[in-house]
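Survey of secondary and tertiary structure
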Amino acid sequence: NVLKKKIDEHGKPYRHKSRASFRGFTEIKRYDFHETFAAVASSAVVRLVISLAVGLKLRLHQLDVVGAYLYAPLAAELYTWAPDGIRKFRDECWQLLSHLYGEKAAGAAWKKLFRDLLVEFGFLPINLDETVFVMHNEKKA
């Protein structure tokens, strides 16, 4: 967890900021989580897709979803210790309402949510790399 004070031009704090993260290093595989995922396309696949798009005069789109992991639904109840500096009681813990960065299963949950959404809109993942999706539109003659 990161706690910061925003300081004004007179050196006085005017805002307190907090960013919570999960202590993923304490999680145990198959007990706390079953699947992990980091959405990174391989450089070879990126080069291949760009080459195909240039050769076939296709349009490419890419996106980055800020705070992506926070949008995936939790599959089970999840608790974490209250952060230092905010905690009121020694053994205080919080029930999470969404995934946090650092949690091992967050990437896999986001991948499933996003993949299902893209498939619903007619995109399909390519076999070579599950981070690349295509949509085939046949032009009418």
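Residues numbered from 1 in each chain as written. Predicted model: local features only at pLDDT ≥ 70, side-chain atom pairs only at ≥ 80, totals over all residues. Heavy atoms only, no water.

**Quick word on helix H2 (residues 106-120)**
- With 15 residues, H2 extends 21 Å from end C-alpha to end C-alpha; this agrees with the ideal 21 Å at 1.5 Å per step.
- The complete set of buried residues in H2 reads Ala106, Gly107, Ala108, Ala109, Trp110, Lys111 and Leu118.
- Looking at the buried side of H2, the elements it contacts are strand S6 (133-134).
- Immediately downstream of H2, the backbone of glycine 122 shows phi near 100°, a positive value. (Helix = DSSP H or I, 4+ residues; strand = E, 2+ residues; numbered from the N terminus. Expected span 1.5 Å × (residues − 1). Buried < 20%, exposed > 50% of the residue type's maximum accessible area, 1.4 Å probe, protein only. Contact = heavy atoms within 4.5 Å.)

**Thoughts on a positive patch on the surface**
- On the surface, Lys4, Lys6, Arg15 and Lys17 cluster together to form a positively charged patch.
- Among the secondary structure elements, those contributing two or more residues to the positive patch are strand S1 (2-7) and strand S2 (13-19).
- Its location among the elements puts lysine 4 in strand S1. (Patch = residues over 30% accessible without salt bridge, like charges linked within 9 Å, V, L, I, M, F, W, Y side chains within 5 Å. Areas by Shrake-Rupley, 256 points an atom, 1.4 Å probe, with all protein chains shown as cover. Salt bridge = Lys/Arg side-chain N within 4 Å of Asp/Glu carboxyl O. Lys, Arg positive; Asp, Glu negative; His and termini not counted. Charge placed at Lys NZ, Arg CZ, Asp CG, Glu CD.)

**Thoughts on the packing of aromatic side chains**
- Evaluated as defined, the whole model comprises one aromatic pair.
- Arranged with centres 5.2 Å apart and planes meeting at 20°, the rings of tryptophan 110 and phenylalanine 114 form a pair that is stacked. Here the residue tryptophan 110 and the residue phenylalanine 114 both occupy positions in helix H2, the gap between them amounting to four residues, near one helical turn.
- Given a relative accessible area of 22%, phenylalanine 114 falls into the partly exposed group. (Phe/Tyr/Trp six-rings, centres within 6.5 Å; stacked < 30°, edge-to-face > 60°.)

**Remarks on the pattern of salt bridges**
- Within this structure, the stated rule accounts for one salt bridge.
- Aspartate 116 is paired through a salt bridge with lysine 112; the nearest N and O atoms lie 2.7 Å apart. Remark: lysine 112 and aspartate 116 occur in helix H2; sequence separation between them is four residues, near one turn of the helix.
- Judged by relative accessible area, aspartate 116 falls into the partly exposed class, the value being 35%.
- With a relative accessible area of 52%, lysine 112 lands in the exposed category.

**A closer look at unusual backbone geometry**
- Unlike most non-glycine residues, lysine 57 shows phi in positive territory, near 55°.
- Structurally, lysine 57 is set in the loop between helix H1 (43-56) and strand S3 (79-81).

**So, the environment of leucine 100**
- In this structure, leucine 100 sits in the loop between strand S4 (93-95) and H2.
- Put simply, leucine 100 and tyrosine 71 are 29 residues apart on the chain and 9.7 Å apart in space, counted from C-alpha to C-alpha.

**Remarks on the side chain of glutamate 92**
- Its location among the elements puts glutamate 92 in the loop between S3 and S4.
- Among the polar contacts listed, one links the side chain of glutamate 92 to the side chain of tryptophan 94, at a separation of 3.1 Å.
- Excluding residues that lie within four positions of it along the chain, glutamate 92 makes contacts with Trp81, Ala82 and Arg87. (Polar contact = N/O pair within 3.5 Å; in protein donor to acceptor, adjacent residues only side chain to side chain.)

In short, geometric facts, not functional conclusions.
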